[in-house]
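Close look at the chain arrangement
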Amino acid sequence: MNILLIGSGGREHALAWRLAQSPLCTRLFTAPGNPGTARHGTNRPDLAVTDHAAVAAFCTAESIGLVVVGPEAPLVAGLVDDLKAAGIRAFGPTRDAARLEGSKGFTKDLCAACGIPTAAFARFTELEPALAYVRQQGAPIVVKADGLAAGKGVTVAETLDQAEDALTALFAEPGAEVVVEECLFGEEASFFALCDGTRAISLGTAQDHKRVFDGDRGPNTGGMGAYSPARVVTPEIEARVMAEIIAPTLAGMRARGCPFTGILYAGLMLTADGPKLIEYNTRFGDPEAQVLMPRLASDLVPALLSACEGDLSGVSLEFDAQRAALTVVMAAAGYPGAVVRGSVIRGVDGAEGDGVHVFQAGTRAEGGQLLADGGRVLAVTALGDSVTDAQGRAYAAVARIDWPEGFCRRDIGFRAVAREAGEG
């Protein structure tokens, strides 16, 4: 069948690489795509993904049998709804179901109603009550924009001044809504589940690194690197996550008339009281997809089709149990703030091979050269016999890339590396 992939980031390059390997994939189109996705199919930068009628018309003209929506914005905008209404099979949640990512307040209310373990919280639409609440609660405390923020709308305030500054900045925007949460303590992990509206199967675990600088310092970003599997998520913890978080979420969404089909990406805090939900994303993570896809040993396309049909009962997904994957994000100087675009990147092809993939995100091709064209630009990913091995191989590949204007963290996977050293 012909497949259309929506998106242009590193996640979409990783998905394009994996989807194109399926025997079921005849042709792969990516809209708008990037120079990386172009290696595995045909980019359609002319197709405006915000024009749902145009996307549907393209699908009809090109006999698209499956649309895979990568980013969150088209999901929240209802692309899946409009494609389904046109008789086109699309993987991802509907607009109403995508509120699990599109509104942190919606998710927190669902948690409260369904008994899903999460941080205590309060919701606000005005600055002064929010300020009064944080002063009453004290620091540390977490301040979140209610809507989509590309992973950067969260402030973990260590002082009241930081919390007040974050609230003032958020409420400077008209119509702002804010969630204020207690600060959970423990180790973070990401858990992925493939859902058909009723059932869920595990799609693996990862740990990402949100802060921009080594040692988890600096502002939050969309993600500076990740590794998989996150062995801190033991089989016992995974069973608890499925039973206490994923299953009641699916039941709660069905009860609200918006069953969830797609990827549930649960950001977890592994506390002394057990796993608690920090927040949901409703799609493959970025950069988590870049470590999940290389470890996936099964054909992804049949599983996505089964989810779309509402029946995962006979589906199982196998992952490479012997190897870990680690990805290092190379970002443009200034990220997550303003960045300069157009610098030349050399050496990408020479960095790849032998279990190393360079997934492209913020890039463009021009005059036979690869240019930086965004904040997060490359995701240098390596497989290894351990996280330590994968880390070494990923950073060796980073060293082969000639891009003076880029930077990366040098400690991706440090928790797992320390654990492996202790086990050794």
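Heads up: these notes are all about the structure in this document. All values derive from a computational prediction rather than experimental measurement.

Moving on to the sheet that holds strand 5 (residues 90–91). The five strands lie next to each other as 3-2-1-4-5, forming an open sheet whose pairing is parallel. With partners counted over all chains shown, the strands left at the sheet margins are strand 3 (42–43) and strand 5, one partner each. The pairing of strand 1 (residues 2–7) with strand 4 (residues 64–69) spans five bridges and is parallel. Across the sheet, residue Asn 2 finds its bridge partner in strand 4, namely Ile 64. Against the sheet, helix 11 (residues 300–308) makes contact with strand 1, strand 4 and strand 5, and its axis sits at roughly 90° relative to strand 4, the strand it touches most.

Turning our attention to helix 9 (residues 235–255). Look at helix 9: 29 Å from first C-alpha to last across 21 residues, which is about the 30 Å you get at 1.5 Å a residue. Along helix 9, the sharpest change in direction is near 35° and occurs at Met 242. The secondary structure elements touched by the buried residues of helix 9 are helix 5 (99–102), helix 6 (104–114), strand 10 (187–196), strand 11 (200–208), strand 15 (261–271) and strand 16 (274–281). Where helix 9 ends, the next residue or the one after it, Gly 257, has phi of about 80°, a positive value.

Going through the model one piece at a time under the given rule, you end up with 27 salt bridges. Arg 39 is the partner of Glu 352 in a salt bridge, and the nearest nitrogen-oxygen pair spans 2.7 Å. Here Glu 352 is found in the loop between helix 12 (348–351) and strand 19 (356–360), whereas its partner Arg 39 is found in the loop between strand 2 (27–32) and strand 3, with 313 residues between them in sequence. Among the charged side chains, a salt-bridge network with shared partners connects Lys 108, Lys 144, Glu 181 and Glu 279.

The subject of this paragraph is the nonpolar core. Among the nonpolar cores identified, the biggest contains 40 residues, and Leu 19, Phe 91, Leu 194, Phe 284 and Met 293 are the most heavily contacted of them. Ranked by the residues each element gives to this core, the list is headed by helix 11, at six residues. Setting aside chain neighbours within four positions, we find Leu 194 in contact with Phe 91, Arg 199, Ala 200, Ile 201, Leu 203, Gly 262, Ile 263, Ala 303, Leu 304, Ala 307, Leu 312 and Leu 317. Residues Ile 345, Ala 351, Tyr 395 and Ala 416 belong to the second largest nonpolar core, which totals 29 residues.

Definitions and cut-offs
Residues numbered from 1 in each chain as written. Predicted model: local features only at pLDDT ≥ 70, side-chain atom pairs only at ≥ 80, totals over all residues. Heavy atoms only, no water. Pairing = 2+ DSSP bridges. Helix = DSSP H or I, 4+ residues; strand = E, 2+ residues; numbered from the N terminus. Contact = heavy atoms within 4.5 Å. Axes fitted to C-alpha atoms, helices over the stretch in contact; angles between N-to-C directions. Expected span 1.5 Å × (residues − 1). Bend = angle between axes of the 7 residues up to and from the residue. Salt bridge = Lys/Arg side-chain N within 4 Å of Asp/Glu carboxyl O. Core = buried A, V, L, I, M, F, W, Y, C linked by side-chain atoms within 4.5 Å. Buried < 20%, exposed > 50% of the residue type's maximum accessible area, 1.4 Å probe, protein only.

Without other data, these values stay purely geometric and don't point to any function.
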